[in-house]
Amino acid sequence: RTLEMINPTEDNPITIHLAAGTYSPETGESFPINMLSNVNIEGEDEETTILDAMGTGRVITMEDCDNNTISGITITGGLDDLDMNGGAGMLIINSNPYIQYVTIRNNGTVCNAGGAGILLSYSDANLLNLTITGNFAGPGCMARGGGMFLYESNPNIRNVIITENWASFGGGGMAIIFSNPNIS
């Protein structure tokens, strides 16, 4: 709701500061959060600031965005069962955000969709200090990249823990197609 009321620019970006708490449909939130260019989301910390879609849809969509940072939050409860694009936690298309100090956990996709935790398509994001865990792509069909799916993307991935993710077709932790990530 807040994003509809602001007018960020490259010279005047907006940072939305989220206080500790769980933001979910039970607290009146609607999902997905559709990011705009020049908007940042900063939580208090990833242990206490939680965006939980509770299975109602994807948590965050970022398409054709510039100049974004997302930090200090947990992204959970995302489900991509409608458009089958994947990225139940985060779907990032043609955008190059900084995502840091974020936990992406317990998100899921259905048949043929991948990147249950995070899907990057044509995006060269900077992923720093993330934990990607407990995400599932599938069940059934050809779902790839339970934790992360990279398609024609060359992100910088530093200090990222990818654990206990699952995919029905391959790449339980990470699926990489036509991509060249810099991992350290």
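This report concerns the structure included in the present document. (Residues numbered from 1 in each chain as written. Predicted model: local features only at pLDDT ≥ 70, side-chain atom pairs only at ≥ 80, totals over all residues. Heavy atoms only, no water.)

## Re the environment of serine 168
Residue position: serine 168 is located in the loop between strand 18 (166–167) and strand 19 (174–177). Considered as a pair, serine 168 and glycine 145 are 23 residues apart in the sequence and their alpha carbons are 8.9 Å apart. At 3.5 Å, the side chain of serine 168 and the backbone nitrogen of alanine 143 are in polar contact. (Helix = DSSP H or I, 4+ residues; strand = E, 2+ residues; numbered from the N terminus. Polar contact = N/O pair within 3.5 Å; in protein donor to acceptor, adjacent residues only side chain to side chain.)

## As for the packing of aromatic side chains
The full count for this structure, using the stated rule, is 2 aromatic pairs. Considering the side-chain rings of tyrosine 122 and tyrosine 151, the 5.7 Å spacing of their centres and the 80° angle between planes classify their relative orientation as edge-to-face. In this pair, tyrosine 122 is assigned in the loop between strand 12 (118–121) and strand 13 (126–133) and tyrosine 151 in strand 15 (residues 148–151), connecting sequence segments 29 residues apart. Since its relative accessible area comes to 43%, tyrosine 122 is described here as partly exposed. Tyrosine 151 gets classed as partly exposed once you look at its relative accessible area, which sits at 28%. (Phe/Tyr/Trp six-rings, centres within 6.5 Å; stacked < 30°, edge-to-face > 60°. Buried < 20%, exposed > 50% of the residue type's maximum accessible area, 1.4 Å probe, protein only.)

## Here's the deal with the sheet that holds strand 11 (residues 108–109)
Strand order in the open sheet formed by 4 strands is 8-11-14-18, and the pairing between neighbours is parallel. Both outer strands of the open sheet, strand 8 (79–80) and strand 18, are each paired with one neighbouring strand and no more. As defined by bridge partners, strand 14 (residues 136–137) adjoins strand 18 across 2 bridges and the pair is classed as parallel. The residue bridging phenylalanine 136 from the neighbouring strand is tryptophan 166, located in strand 18. (Pairing = 2+ DSSP bridges.)

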